[in-house]
Amino acid sequence: MSSTNTPQGSTHTPTGLIAFAWALVGLPLVYGLYQTIKTASSLFGG
Amino acid sequence: MAVPSFLARERIVARPGFNRWLIPPAALAVHLCIGQAYATSVYKAALVAHFESSLTAIGIIFSIAIVMLGLSAAVFGTWVDRNGPRAAMFTAACFWSAGFLIGSLGIATDQLWLVYLGYGVIGGIGLGIGYISPVSTLIKWFPDRPGLATGMAIMGFGGGALIASPLSRQLMNWYDPAYDGTAGTVPSGHAVSLLFLTLGLVYLAFMMFGSFIVRVPADDWRPEGFDPSKVKARALVTTDHVSAGNAIKTPQFWLLWIVLFCNVTAGIGILEQASPMIQDFFRDGDASTVAVTAAAGFVGLLSLFNMGGRFVWSSTSDFIGRKPIYMVYLGVGMVLYVLLATIGSSATWLFVILAAIIISFYGGGFATIPAYLRDLFGTYQVGAIHGRLLTAWAAAGVAGPLIVNRVLDTQGTPGELVAGNYRPALFIMVGLLAVGFVANLLVKPVASKWHEPKGIDTHPTSPERSAAR
């Protein structure tokens, strides 16, 4: 699932899978950060 | 307790060439979900109204969950280490999701006890197992940067609340259009029930994804260019191993328990009171110069520093060492608390900066502790030892708010308090940090009599590398 086997018995993890996994956790985090910074800005905006 | 073969540790041993940067998102997939536990205030008022209950009765849901987190992490820590991260993440996903689904049923059928049982007890077990599930795996994948690795995962726990708070408001607005998320509007119980159902299913999918991409390194695996002999150069970093059973017999374990307890208790004191505290510090007569919306912004800012501190300070500990970084958390923390108590009310910006740095130390304390344990006790059962140490968090979760609320009760009525009323509580926190500081100073390398004999298998299983991975 996560990697491609090579003839030598070693493995290669597809870059696409790593990018997808990081995006899956990163995008919600960016959404949360954006929303929180928006709320926090009211502290300085008066 | 045996686990199905597809969850077994020996099935997920990575082959040579596996990219370890797939492991942090696996850990984050779990921690971002269980971090929702810090976002319960979003629907607290709705549950009070729905059950026609008190804030205390609803607050117990969160308290049960945190106590169960500590207990389950302590009880299941060895099981997690033995069976590996996939079994642990899978189990955590089932418990955490089931907690939401049972909680949803409890709200829909007006039975508060079901919410206690669901979110509190069953969800709390998911919290505990989920919290420790990726920690020892990350430490093994990143022996060169354990602080960075655990900081990344435990940052996710802080980040989970940042996601869950606005997401919950948005979902409740969809389920109850009369609720718009502003002060004064409260979502219906039906909306909260549907929110629980949605979160339960979304979290199940996310955590399962994490459990199926996670891998453990082979026993002989090392990162390219990593030389373990350099690690030994630091006085407190061992290459020996101590079992969880023996670790709790050492003074080092209990000194770190005190360190974590003191650091968390002090931080929770501010986190718990953040919104009213900033308004009280800048009260002029009946009104505060800090508006309710600005106070909410302050809470958001603290969340950011709580999350950022986990990553930044824990990563820094890889360079300056675990003991020195805790001297900073606790020693500088003491100075900051004294400044907060004495001159914190002189300017809003000063109050905000002091509180933000204090909270970053609070987060840093959580994230650095697994690496500190690994330095002292080795990697053998570091997950189980971490689990046992988290009982300090459960105790601090009770003690922190209790200290602050008791002190404030003796000082006046909520809504009429001023900065001076917080001083006794803040100075108690200074005293607690001083106790933690001394405990940290007393930490020395673990005596060799507690080390596992050389040559014995300190790996939970003797894994054969997965044919599929």
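Per chain, residue numbering runs from 1 following the sequence as it is written. Chains and ligands are labelled sequentially in the order written, the chains with letters from A and the ligands with numbers from 1. Only residues with pLDDT of at least 70 get local features here, since the model is predicted, and only at 80 or more are side-chain atom pairs given and counted; chain-wide, interface and lining totals rely on the full set of residues. Excluded from the side-chain calculations are hydrogens and water; all other atoms, namely the structure's heavy atoms, are used.

**With respect to the overall build of chain B**
- If you tally the helices and strands in chain B, you get 16 helices and two strands.
- In chain B, the proportion of contacts linking residues at least 24 apart, taken out of those at least 6 apart, comes to 85%.
- The protein chains shown are the only cover counted for residues, whose accessible areas, like all others here, come from Shrake-Rupley with a 1.4 Å probe. About 17,000 Å² of surface is accessible on chain B, with carbon and sulfur atoms providing 65% of the total.
- By the counting rule applied here, Lys and Arg register as positive and Asp and Glu as negative, while His and the ends of each chain are not counted. Charge placement uses NZ in Lys and CZ in Arg. For Asp and Glu, CG and CD serve respectively. Distance from the positive charge centre (29 side chains) to the negative charge centre (23 side chains) of chain B: 11 Å. Only DSSP runs of H or I covering at least 4 residues are called helices, and only runs of E covering at least 2 are called strands; the numbering of each starts at the N terminus. By definition, residues are in contact when any of their heavy atoms lie within 4.5 Å.

**Considerations on the overall build of chain A**
- Each helix and strand in chain A was counted, giving one helix and two strands.
- The linear arrangement of helices and strands in chain A, starting from the amino end, is β-β-α.
- Throughout, exposure labels follow a simple rule: accessible area from a 1.4 Å probe, protein chains only, divided by the maximum for the residue type, with under 20% read as buried, over 50% as exposed, and the rest as partly exposed. When the 46 residues of chain A are sorted by exposure, 30% land in the buried category.
- When the accessible surface of chain A is split by element, carbon and sulfur atoms take 72% of a total near 2,700 Å².

**Topic: helix α1 (residues 23-34) of chain B**
- Residue count minus one, scaled by 1.5 Å, sets the expected span of a helix. The terminal C-alpha atoms of α1 of chain B lie 17 Å apart, and with 12 residues this matches the ideal 16 Å at 1.5 Å per residue to within 8%.
- Looking only at α1 of chain B, the buried set comprises I23, P24, P25, A26, A27, L28, A29, V30, H31, L32, C33 and I34 of chain B.

**Digging into the side chain of S72 of chain B**
All names here are of chain B.
- Among the structural elements, S72 can be located in helix α3 (residues 55-108).
- At 3.3 Å, the side chain of S72 forms a polar contact with the backbone oxygen of L69.
- Residues within four places of S72 in sequence aside, it is in contact with G77, G124, I125, G128 and I129. In protein, a polar contact means a hydrogen-donor-capable atom and an acceptor-capable atom, both N or O and within 3.5 Å, with residues adjacent in sequence counting only if both atoms are side-chain atoms; elsewhere, any N or O pair within 3.5 Å suffices.

**So, the interface of chain B and chain A**
- Contact with chain B, which involves 38 residues of that partner, is made by 29 residues of chain A.
- In this description, buried area is defined as the sum, over both parts, of the accessible area (probe of 1.4 Å) that is lost when the two are combined. When chain B packs against chain A, the two sides together hide about 2,800 Å² of surface, and 76% of this comes from carbon and sulfur.
- Any Lys or Arg side-chain nitrogen found within 4 Å of a carboxyl oxygen on Asp or Glu counts as a salt bridge. Linking chain B with chain A are zero salt bridges, by the criterion used here.
- At the junction of chain B with chain A, the criterion picks out three residue pairs in polar contact (both at pLDDT 80 or more).

**Concerning a nonpolar patch on the surface**
Residue and element names in this part refer to chain B.
- Each patch is assembled from residues with relative accessible area greater than 30% and no salt bridge, linking like charges that lie within 9 Å and nonpolar side chains (Val, Leu, Ile, Met, Phe, Trp, Tyr) that lie within 5 Å. Together, V67, L71, V398 and L402 make up a nonpolar patch on the protein surface, roughly 320 Å² of accessible area in all.
- Of all the elements in the fold, those that place two or more residues in the nonpolar patch are α3 and α15 (391-411).
- Structurally, L71 can be placed in helix α3.

**Observations regarding the side chain of S193 of chain B**
- Along the chain, S193 of chain B falls in helix α7 (residues 189-213).
- With near-sequence residues (within four places) excluded, S193 of chain B lies in contact with S104, I107 and A108 of chain B.

**What to know about the packing of helix α6 (residues 146-175) of chain B against helix α13 (residues 348-377) of chain B**
Residue and element names in this part refer to chain B.
- Axis definition: a line fit to C-alpha positions, over the contact stretch in the case of helices; interaxial angles, taken between N-to-C directions, run 0 to 180 degrees. Remark: α6 packs on α13, axes separated minimally by 8 Å, with the N-to-C direction vectors making an angle of 140°. Where α6 crosses over α13, the handedness of that crossing is right-handed. Contacts between α6 and α13 involve P146, G147, T150, G151 and I154 from the former and F366, A367, P370, A371 and R374 from the latter.
- Looking at the contact of α6 with α13, its residues break down into six nonpolar, three polar and one charged. Two helices crossing with the near one rotated counterclockwise from the far one by less than a right angle form a left-handed crossing, whereas a clockwise rotation gives a right-handed crossing. Charged residues are taken to be Asp, Glu, Lys and Arg, nonpolar residues to be Ala, Val, Leu, Ile, Met, Phe, Trp, Tyr, Cys and Pro, and polar residues to be all remaining types, Gly included.

**Let's talk about α15 of chain B**
Residue and element names in this part refer to chain B.
- The end-to-end C-alpha distance of α15, which contains 21 residues, comes to 31 Å, matching closely the 30 Å that a straight helix rising 1.5 Å per residue would cover.
- The set of residues buried in α15 consists of A392, W393, A394, A396, A399, G400, P401, V404, V407 and L408.
- Count one or two residues on from α15 and you reach G412, which has phi positive near 160°.

**Side note on the pattern of salt bridges**
Residues and elements named next belong to chain B.
- Summed over the entire model, instances satisfying the criterion amount to six salt bridges over all chains.
- Where R145 meets D318, a salt bridge forms, and the shortest distance between an N and an O atom there is 3.1 Å. In this pair, R145 sits in the loop between α5 (135-141) and α6 while D318 sits in helix α11 (residues 292-320), placing the two residues 173 residues apart along the sequence.

**Things to note about the environment of T410 of chain B**
Residues and elements named next belong to chain B.
- Mapped onto the elements of the fold, T410 is located in helix α15.
- The spacing of T410 and F351 is 59 residues in sequence and 23 Å in space, taken between C-alpha atoms.
- A distance of 2.6 Å separates a polar atom in the side chain of T410 from the backbone oxygen of V407.

**Re the environment of A37 of chain B**
Residues and elements named next belong to chain B.
- Residue placement: A37 occurs in the loop between α1 and α2 (44-51).
- Classification of A37 by relative accessible area gives buried; the value is 1%.
- Sequence-wise, A37 and D240 are 203 residues apart; in three dimensions their C-alpha atoms are separated by 36 Å.
- Leaving out residues up to four positions away in the same chain, A37 has contacts with F62, W96, Y119 and L127.

**So, the state of the cysteines**
- Our working definition of a disulfide is a cysteine sulfur pair at a distance within 2.5 Å. Summed over all chains, the structure comprises zero disulfides over all chains.
- Considering cysteine sulfurs only, C94 of chain B is the nearest to C33 of chain B, which forms no disulfide, with 13 Å between them.

**With respect to the packing of aromatic side chains**
- Here the aromatic set is Phe, Tyr and Trp, taking the six-membered ring for Trp, and pairing holds for ring centres within 6.5 Å; pairs whose planes are under 30 degrees apart are stacked, those over 60 apart are edge-to-face, and all others are tilted. Here the structure, examined in full by the defined rule, presents 32 aromatic pairs over all chains.
- An angle of 85° between the planes, with centres 5.8 Å apart, marks the rings of F20 of chain A and F209 of chain B as edge-to-face. A residue pair is termed interchain when its members come from two chains, as with F20 of chain A in helix α1 (residues 15-45) and F209 of chain B in helix α7.
- The partly exposed category is assigned to F20 of chain A, whose relative accessible area is 46%.
- Between F6 of chain B and F90 of chain B the ring centres are 5.8 Å apart and the planes differ by 85°, which places this aromatic pair in the edge-to-face class.

**Some thoughts on the domain arrangement of chain B**
All names here are of chain B.
- Those domain boundaries reflect an automatic or database domain assignment. Once the domains are mapped, chain B shows domain 1 (20-219) and domain 2 (231-456).
- Computed over C-alpha atoms only, the centres of domain 1 and domain 2 are separated by 22 Å.
- Taken together, the contact between domain 1 and domain 2 spans 30 residues of the former and 31 residues of the latter.
- When the two sides are added together, the surface that domain 1 and domain 2 hide from each other amounts to roughly 2,700 Å², 70% of it contributed by carbon and sulfur.
- Taken together, the connections running from domain 1 to domain 2 amount to one salt bridge.
- Between the two partners, domain 1 and domain 2, sit 12 residue pairs in polar contact (both at pLDDT 80 or more).

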